[in-house]
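The residues making up each chain are set out below.
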Amino acid sequence: MPPRRPHALGGAALLGLVAGGLFFQDLGRYPLWDPDEARHAEVAREMVVAHGWQRLVLPTFELQSYREKPPGH
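Residues numbered from 1 in each chain as written. Predicted model: local features only at pLDDT ≥ 70, side-chain atom pairs only at ≥ 80, totals over all residues. Heavy atoms only, no water.

Novice: Explanation requested: the pattern of salt bridges in the structure shown.
Specialist: Side-chain pairs of opposite charge can arise whenever the charged atoms involved come near each other. All told, the structure shown has one salt bridge when counted by the stated rule. In this structure, the salt-bridge partner of R45 is E42, at a minimum N-O distance of 2.9 Å. Linking R45 with E42, this pair stays in helix α2 (residues 35-49), spanning three residues, or about one helical turn. Relative accessible area serves as the criterion here: at 23%, E42 is assigned to the partly exposed category. (Salt bridge = Lys/Arg side-chain N within 4 Å of Asp/Glu carboxyl O. Helix = DSSP H or I, 4+ residues; strand = E, 2+ residues; numbered from the N terminus. Buried < 20%, exposed > 50% of the residue type's maximum accessible area, 1.4 Å probe, protein only.)

Here it is as structure tokens:
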């Protein structure tokens, strides 16, 4: 019995469409230019340029302690 290549290609195409629909349905929905994104980037930047052990445990925003969202969560 010969292999059914058209059937296998159709199944792979269907699987690709379903996977694409599931993984890319929210693409572009949540904007990266949200004000929270810039705030969290600034907190991370200040932690990188800070010196000493405090940079690992005390996030800052505009050089004041920022405890609303700890880094890494």
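That shown, we press on.
Novice: Whenever I open this one, α2 confuses me. Can you help?
Specialist: An α-helix turns once every 3.6 residues. As a result, residues three or four positions apart point the same way. Given a rise of 1.5 Å per residue, 15 residues ought to cover 21 Å, and the 22 Å separating the end C-alpha atoms of α2 matches this to within 8%. All of the buried residues in α2 are V43, E46 and M47. For α2, the angular spread of buried residues about the axis comes to 105 degrees, placing them on one side. Exposed side chains of α2 directed beyond 90 degrees from the buried face belong to A38 and V48. Buried residues along α2 sit against α3 (54-57) and β1 (60-61). (Expected span 1.5 Å × (residues − 1). Arc of directions from axis to C-beta. Contact = heavy atoms within 4.5 Å.)

Novice: What's the story with unusual backbone geometry in this structure? I'm lost.
Specialist: For residues besides glycine, phi is generally negative; the peptide bonds are generally trans as well. The backbone of E62 sits at a positive phi, close to 55 degrees, despite the residue not being glycine. Mapped onto the fold, E62 is located in the loop between β1 and β2 (64-65). Relative accessible area serves as the criterion here: at 58%, E62 is assigned to the exposed category. Unusually for a residue other than glycine, L63 sits at a positive phi of about 60 degrees.

Distances and angles like these do not, on their own, reveal function.
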